[in-house]
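Structural features, examined
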Amino acid sequence: MLKIGILNLQGAVSEHYTITEKAVENLKADVEVESVRYAKDVETCDGIIISGGESTVIGKLIHERGIDKVIKENKIPVFGTCAGMVLLSKKTDFDQPLMGLMDIEVKRNTYGRQKDSFEAPIEILGQEYLGVFIRAPALKSYDKSKEDIEVLSEYDGEIIAIKQGSNIAISFHPELTQDTLIHEYFIKEVMKNKN
Ligand code: GLN
């Protein structure tokens, strides 16, 4: 049985837990979903989901608790949404702790402040999807020389979803929709990575 850990440090964690369980059910996959807070728990997971929230706070805790170290050592695939995208990047426009697992540079709060949050139909994985953007980042750039990078979605001229190897970074909040599409996609990546 595989295990997906929902990193429970700060932010929209419970919604990710619920939608991940729903995605597992839809896939009829032999996957357990667990909320994880410390490196020793993260280490036992085959995939990790990092929610939206405050990337400075989540990043500080990830670093202090050595969570980034076990993710790197064990090459655990990570699916990061919003603040999670920021944390997957190598560089942002702020000075903050990052995991740097993807060759991407991110601009935080690309669309403005909390009051500028919005929903918009986007397209991803060949389907229409509701993008919920809450102080969302977007990509500033990515390393085009890396063959394992694939842009998954663009909106209004900005890259809002990208994959590198088994890591996925998206700037919006799929856990706030009822649509399990992207969570199912990540679970399938984790299963592929394990085989
Ligand atoms: N702007 C936040 C950050 O960069 C992310 C917001 C969110 O996750 N909803 O940390």
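The notes below deal with the structure included here. (Residues numbered from 1 in each chain as written. Predicted model: local features only at pLDDT ≥ 70, side-chain atom pairs only at ≥ 80, totals over all residues. Heavy atoms only, no water.)

If you look at the biggest cluster of nonpolar residues, it comprises 30 residues, and the most contacted ones within it are Ile124, Phe172 and Ile182. Residue contacts for phenylalanine 172: discarding those within four places in its chain leaves Thr81, Cys82, Ile122, Ile124, Tyr129, Gly131, Val132, Phe133, Ile160 and Ile182. Within the second largest apolar cluster, 29 residues are counted, among which are Leu9, Val36, Ala39 and Val70. (Core = buried A, V, L, I, M, F, W, Y, C linked by side-chain atoms within 4.5 Å. Buried < 20%, exposed > 50% of the residue type's maximum accessible area, 1.4 Å probe, protein only. Contact = heavy atoms within 4.5 Å.)

By nearness alone, every residue bordering the ligand is listed as Gly52, Gly53, Glu54, Ser55, Cys82, Ala83, Val86, Arg108, Asn109, Ile134, Arg135 and His173. Asparagine 109 places a polar side-chain atom, nitrogen or oxygen, 2.6 Å from a nitrogen atom of the ligand. Side-chain polar atom of histidine 173 to a nitrogen atom of the ligand: 3.0 Å apart, as the coordinates give it. Across the complex, the protein chains shield 97% of the 300 Å² of accessible surface that the ligand would expose by itself. When grouped by side-chain class, the residues that make up the shell around the ligand number four nonpolar, five polar and three charged. (Near = heavy atom within 4 Å. Polar contact = N/O pair within 3.5 Å; in protein donor to acceptor, adjacent residues only side chain to side chain. Areas by Shrake-Rupley, 256 points an atom, 1.4 Å probe, with all protein chains shown as cover. Nonpolar A, V, L, I, M, F, W, Y, C, P; charged D, E, K, R; others polar.)

It is worth spelling out unusual backbone geometry at this point. The backbone phi angle of asparagine 109 is positive, close to 50 degrees, even though this residue is not glycine. With respect to the helices and strands, asparagine 109 occurs in the loop between strand E6 (104–107) and strand E7 (118–124). A relative accessible area of 27% places asparagine 109 in the partly exposed class. In the Ramachandran plot, leucine 125 falls in the positive-phi region, its phi being about 50 degrees despite a non-glycine side chain. Examined against the element boundaries, leucine 125 turns out to sit in the loop between E7 and strand E8 (127–133). (Helix = DSSP H or I, 4+ residues; strand = E, 2+ residues; numbered from the N terminus.)

Right, let's get into the packing of aromatic side chains. One pass over the full model with this rule turns up eight aromatic pairs. Here the aromatic rings of phenylalanine 118 and phenylalanine 133 are separated by 4.7 Å at their centres, their planes lie at 10 degrees, and the arrangement is stacked. Separated by 15 residues along the polypeptide, phenylalanine 118 in strand E7 and phenylalanine 133 in strand E8 bring together distant segments of the chain. Given the relative accessible area of 23%, phenylalanine 118 is considered partly exposed. Residue class for phenylalanine 133 comes out buried when judged on its relative accessible area of 1%. Taken together, the aromatic side chains of Tyr111, Phe118, Tyr129, Phe133, Tyr155 and Phe172 make up a single cluster linked through ring pairs. (Phe/Tyr/Trp six-rings, centres within 6.5 Å; stacked < 30°, edge-to-face > 60°.)

Inspection of the sheet shows strand E5 (residues 91–92) paired to E6 by two bridges, in the parallel sense. Paired with threonine 92 across the two strands is valine 106, which belongs to E6. Note that E6 and strand E9 (residues 138–142) share four bridges and pair antiparallel. Note on E9: the bridge partner recorded for lysine 107 is alanine 138. (Pairing = 2+ DSSP bridges.)

Now for the sheet that holds strand E2 (residues 31–36). Remark on secondary structure: sheet strands pair via backbone hydrogen bonds, oriented parallel or antiparallel. One open sheet accounts for seven strands, arranged E2-E1-E3-E4-E12-E11-E10; its pairing is mixed. The sheet is open, and its two borders are formed by E2 and strand E10 (149–155), each paired with just one other strand. The average angle at which neighbouring strand axes cross in this sheet is 15 degrees, direction not considered. Across six bridges, strand E1 (residues 2–7) lies against E2 in parallel orientation. When the sheet's bridge partners are listed, isoleucine 4 is paired in E2 with valine 33. Against the sheet, helix H1 (residues 13–27) touches E1, E2, strand E3 (47–50) and strand E4 (78–81), its axis set at about 175 degrees to E2. (Axes fitted to C-alpha atoms, helices over the stretch in contact; angles between N-to-C directions.)

From the geometry alone we can't say anything about function, so treat these as descriptive.
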